[in-house]
Amino acid sequence: MIEIKQLCKRFSQTTALDGVSLTVQKGSIFGLVGSNGAGKSTLLRILAGVYRPDGGEALVDGGSPWQNQELQARLRFLPDEQWLPAHSCLKDLGKVQAKFYPNWDQRWFEELCALFPVNEAAPYRKLSKGNRRQAGLILALSSRPELLLLDEVFDGLDPVVRKLVKKLLAQEAADRRMTVALASHNLRELEDFCDTLALLHKGGLVLEQDLDDMRLSLCRVQAVFPKMPRLEDVKQKLCVTNWEVSGSLVTFVARGNQEEVLAAVEEFSPSFREMVPLSLEEVFISEMEASGYDIENILSK
């Protein structure tokens, strides 16, 4: 669905994207993570046809979105700061947008208006930030896009609405094979939701990986040993990325699947051992540290 090759974008003396290459499969939910200024919004705007690349290429279904009205009619972009006519209400906006998007689904629009707690008759200027975000989502989803680009979509939404949005996006991806690419600076927001995550930093791609592969490649173990093994001996059996000792309890993260890791741990005759789930943030930290980066500093800058 999306193929990006050595993509570059500059604004005066600032390089927003510097040789980024990645792919996004049709029907997947793709997350872009990074601090402010990492290049996430710029990448989405290029995919939406708002910006023209300065180098490389960004293709959607094999075509460039830049000045491509036919392709742009099949995708929707919801920016962090969206602009809609201040005096128009959601109901009127739906009537206008129905004329521009060939796949507009009026029945779906009405169902979404009923699902979200937004007053469809209230002027847009009187809506709160969260309700404006919901109005934008309703309009975007009602056009039944093949590609949905979302920038900080969860900002301003309460927990109940965030859960609803995730459910709807996952449903559309599964039922219609709609592709979703969303950017966020909050790694926890994307956990258990995206299929693939990419981390941008200072315009460059640091890491891109399938989440299932990422999770299956790392294991965290807590174990108690009658005779405490040396870290050097454990490292001969396992690729240990993190090691902590608290009294007789050892907690460590190792690379490999559960069966391989547990089999290696058993060679040291533990009196107790168990697998402890890793959060997405912990997996990212381990992968980044293995690549020589400090993700905590990257995401905080």
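Look a little higher up for the structure.
Residues numbered from 1 in each chain as written. Predicted model: local features only at pLDDT ≥ 70, side-chain atom pairs only at ≥ 80, totals over all residues. Heavy atoms only, no water.

## With respect to the side chain of E172
Rule in force here: Every helix listed is a DSSP run of H or I at least four residues long, and every strand listed is a run of E at least two residues long, numbered separately from the N terminus. Contact criterion: two residues are considered in contact whenever any of their non-hydrogen atoms come within 4.5 Å of each other.
Looking at the secondary structure, you find E172 in helix α6 (residues 159-176). Apart from residues lying up to four places away in sequence, E172 is in contact with W108, L141, R144, R177 and M178.

## Digging into the sheet that holds strand β8 (residues 196-201)
What counts is decided by this rule: Two strands form a pair only when DSSP identifies at least two bridges running between them. Lines fitted to C-alpha atoms define the axes, with helix axes restricted to the stretch in contact, and inter-axis angles between N-to-C directions lie between 0 and 180 degrees.
As summarised here, the arrangement of the 6 strands in space is β5-β6-β7-β3-β8-β9, forming an open sheet in which the pairing is mixed. What marks the edges here is a single partner per strand, and that holds for β5 (75-78) and β9 (204-210). Going from strand to strand, the sheet's axes swing by 15° on average, the running direction of each strand aside. Pairing between β8 and β9: 6 bridges, direction antiparallel. Looking at the pairing, L199 lines up with L207 of β9.

## Some thoughts on the pairing of strand β10 (residues 218-224)
Short version of the rule: Three exposure classes are used, based on accessible area relative to the maximum for each residue type with a 1.4 Å probe and protein chains only: buried under 20%, partly exposed in between, and exposed over 50%.
The buried fraction of β10 amounts to 5 of the 7 residues, a majority that puts the element mostly inside the structure. Of the strand pairs in this sheet, β10 and strand β12 (residues 249-255) are connected by 7 bridges, and their pairing is antiparallel. Residue pairing for β12: V221 is matched across the bridge by F252. Sheet analysis places β10 next to strand β13 (residues 272-276), joined by 5 bridges and oriented antiparallel. Bridge pairing links Q222 to E274 in β13.

## Observations concerning the sheet that holds strand β4 (residues 55-60)
One open sheet holds the 3 strands; their spatial order is β2-β1-β4, and the pairing between them is antiparallel. Whereas interior strands pair on both sides, the edge strands pair on one side only; in this sheet they are β2 (14-24) and β4. The mean angle between the axes of side-by-side strands here comes to 25°, regardless of whether they run parallel or antiparallel. Examined bridge by bridge, strand β1 (residues 2-11) and β2 share 8 bridges and lie antiparallel to one another. Paired with R10 across the strands is T15, a residue of β2. Contacting β1, β2 and β4, helix α1 (residues 40-47) crosses the sheet at an angle of about 115° to β1.

## Quick notes on the packing of aromatic side chains
Applied cut-off: Under the pairing criterion, centres of Phe, Tyr and Trp rings, with the six-membered ring standing for Trp, must be within 6.5 Å; the plane angle then separates stacked pairs below 30 degrees from edge-to-face pairs above 60, leaving the rest tilted.
This model, assessed by the stated rule, comprises 4 aromatic pairs. A ring pair is formed by F11 and Y51, whose centres lie 5.2 Å apart and whose planes are at 65°; its orientation type is edge-to-face. With F11 in strand β1 and Y51 in the loop between α1 and β4, this pair connects stretches of sequence that are 40 residues apart. The partly exposed category is assigned to Y51, whose relative accessible area is 26%. Geometrically, the ring pair formed by F154 and F193 is edge-to-face, given 6.2 Å between the ring centres and 75° between the ring planes. Residue F154 is found in the loop between β6 (147-151) and α6, and its partner F193 is found in the loop between β7 (179-184) and β8; the two are separated by 39 residues along the sequence. The class of F154 is buried, set by a relative accessible area of 7%. Residue classification places F193 among the buried positions, given a relative accessible area of 9%.

## Comments concerning the pattern of salt bridges
Where charged atoms of side chains with opposite charge meet at close range, the side chains can pair. The cut-off we apply is this: By salt bridge we mean one thing: a side-chain nitrogen of Lys or Arg within 4 Å of a carboxyl oxygen of Asp or Glu.
Evaluation of the coordinates by the stated rule reveals 17 salt bridges. K5 is paired through a salt bridge with E57; the nearest N and O atoms lie 3.7 Å apart. Taken as a pair, K5 in strand β1 and E57 in strand β4 lie far apart in primary sequence, 52 residues in all. By relative accessible area, which is 35% here, K5 ends up partly exposed. With relative accessibility at 31%, the residue E57 sits in the partly exposed group. In this structure, D54 and K9 form a salt bridge, with 3.9 Å as the shortest nitrogen-oxygen distance.

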